[in-house]
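As a plain string of letters, each chain reads:
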Amino acid sequence: MRRPFADNPRVATMNVDRSERGPSRRSSLAARAGSSFGTIPPTALVLLGIVSVQVGSALAKHLFTEVGSFGTVALRLFFAAAVLMLWWRPSPRMSRRTWTVVVGYGVTLGLMNLCFYLALARIPLGMAVTVEFLGPLAVALAGSRRWLDAFWAVLAAGGVVLLTEGGGDLDLGGLLFALAAGTCWGLYILVGAALGRRTTEGNGLALGMAVAALVAVPFGVADSGTALAQPWVLIAGLGVALLSSVIPYSLDLEALRKIPPRVFGILMSLEPAMAALIGLVVLQESLHWSQWVAVLCVVAASAGAARGSRPDA
């Protein structure tokens with residue numbers, strides 16, 4: 001059973017976590033918090049989540065001049081882990097096999113963020129997200145025997161070719177880092193599904209985020225040192241964590257309660273285009289017309305792959 005884009009970096013564990021025990025006080029608080037979104041249409045929730053995560057990425061890029069890409073990743077994952085650990089208060093009492101999955105999830109998450117922010121420091125936001133999106137697209141198409149899915153794969157590949165041949169100087173390192181981030185994203189989907197089967201509520205997510213922070217923070221401290229302790233940097237880092245992790249997780253989770261994952265995947269396919277638009281408006285990063293066509297090719301391929309997936313049980 002394929003679940004192409006419902007299991008993405010923002011919602012993988014939130015979507016598959018299931019409580020095997022009775023509802024806890026923490027889950028009831030989460031349910032009450034989620035009820036505040038009850039009057040918002042699910043489509044709007046998904047779009048708000050997309051905007052939130054891309055604005056968070058744009059804000060993160062503004063931090064690069066002060067603390068670098070490693071320092072920015074460290075701040076994002078540290079604060080995201082702190083918020084989630086305080087919210088869920090997960091118990092460390094788990095089997096060795098479950099801890100293996102948690103550690104694998106956290107390491108993959110940490111590497112994915114490090115690679116993505118290294119790419120973001122070198123190439124425009126829209127380009128980085130478009131290349132990174134090839135990871136979940138590959139997972140969606142893996143094992144498919146439909147000719148139409150082969151067309152979506154070719155369309156996405158053509159989009160990448162257009163992306164690399166667009167106007168302006170192209171940083172090959174940035175593209176390779178984005179491709180590495182996309183590879184981690186694909187692995188993240190698979191490990192995240194395993195994490196959801198072995199943990200309950202948001203406990204796996206919180207512990208995995210803590211592991212990811214342990215992976216990234218040493219890089220950030222070594223690269224940026226005391227610059228990370230500046231008050232305005234800490235505030236900006238908290239904002240990046242909220243916009244890029246905590247808020248999108250909450251919005252996506254509520255949306256997935258109301259719409260099928262396949263519909264969610266189609267909406268998520270807008271993310272590369274939204275990233276390019278946010279990059280243009282917030283960061284003044286303009287793309288060549290052929291690169292905009294490339295972004296639209298990847299969007300169309302992602303939406304087509306999600307639309308053609310089999311409904312979840």
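Residues numbered from 1 in each chain as written. Predicted model: local features only at pLDDT ≥ 70, side-chain atom pairs only at ≥ 80, totals over all residues. Heavy atoms only, no water.

Enquirer: Sorry if this is basic, but what is going on with the environment of Ala121 here?
Expert: On the secondary structure map, Ala121 appears in the loop between helix H4 (96–120) and helix H5 (125–132). The exposure class assigned to Ala121 is partly exposed, which follows from its relative accessible area of 43%. Beyond its immediate stretch of four places on either side in the chain, Ala121 contacts Phe64 and Ser69. (Helix = DSSP H or I, 4+ residues; strand = E, 2+ residues; numbered from the N terminus. Buried < 20%, exposed > 50% of the residue type's maximum accessible area, 1.4 Å probe, protein only. Contact = heavy atoms within 4.5 Å.)

Enquirer: Sorry, what's going on with the packing of aromatic side chains here?
Expert: When we look at a pair of aromatic rings, we describe it by the centre distance and by the angle of the planes. What the rule picks out here adds up to 7 aromatic pairs. Taken together, the ring pairs connect Phe64, Phe116 and Tyr117 into an aromatic cluster. (Phe/Tyr/Trp six-rings, centres within 6.5 Å; stacked < 30°, edge-to-face > 60°.)

Enquirer: Whenever I open this one, unusual backbone geometry confuses me. Can you help?
Expert: A negative phi angle characterises most non-glycine residues, just as the trans form characterises most peptide bonds. For Arg89, which is not glycine, the phi dihedral falls at a positive 45 degrees. Looking at where Arg89 falls in the secondary structure, it is placed in the loop between helix H3 (42–88) and H4. Judged by relative accessible area, Arg89 falls into the exposed class, the value being 55%. In this model, Gln284 sits at a positive phi of 55 degrees, which is unusual for a non-glycine residue. Among the structural elements, Gln284 can be located in the loop between helix H12 (271–282) and helix H13 (289–307). Since its relative accessible area comes to 58%, Gln284 is described here as exposed.

Enquirer: Looking at this structure, I do not really get the packing of helix H6 (residues 134–141) against H13. What am I missing?
Expert: Contact geometry of H6 with H13 gives a least axis separation of 10 Å together with a crossing angle of 35 degrees. Note on packing geometry: the crossing formed by H6 with H13 is left-handed. Listed contacts from H13 to Leu137, Ala140 and Leu141 of H6 are Ala301, Ser302 and Ala305. Residues that form the contact of H6 with H13 fall into these classes: 5 nonpolar, 1 polar and no charged. (Axes fitted to C-alpha atoms, helices over the stretch in contact; angles between N-to-C directions. Left-handed = near helix turned anticlockwise from the far one by under 90°. Nonpolar A, V, L, I, M, F, W, Y, C, P; charged D, E, K, R; others polar.)

Enquirer: What is the right way to read the side chain of Thr72 from this model?
Expert: Tracing the backbone shows Thr72 in helix H3. On the basis of relative accessible area, Thr72 is assigned to the buried category, the value being 1%. One polar contact links the side chain of Thr72 to the main-chain carbonyl oxygen of Gly68, over a distance of 2.8 Å. (Polar contact = N/O pair within 3.5 Å; in protein donor to acceptor, adjacent residues only side chain to side chain.)

Enquirer: Hey, could you run me through the environment of Leu148 in this one?
Expert: Inspection of the secondary structure assignment puts Leu148 in helix H7 (residues 147–164). Overall, Leu148 belongs to the partly exposed group, its relative accessible area being 42%.

Enquirer: Is there a simple way to explain H12 in this structure?
Expert: Turn by turn, an α-helix covers 3.6 residues, leaving residues three or four places apart pointing in a common direction. Across its 12 residues, H12 extends 16 Å between first and last C-alpha, which sits within 8% of the 16 Å expected from 1.5 Å per residue. Of the residues making up H12, those classed as buried are Glu271, Pro272, Ala275, Ala276, Ile278 and Gly279. What you see down the axis of H12 is that its buried residues fit within an arc of 165 degrees, all on one side. Of the surrounding secondary structure, the elements contacted by the buried residues of H12 are H3, H5, helix H11 (261–268) and H13. Taken from the residues just after H12, Gln284 is the one with a positive phi, measuring 55 degrees. (Expected span 1.5 Å × (residues − 1). Arc of directions from axis to C-beta.)

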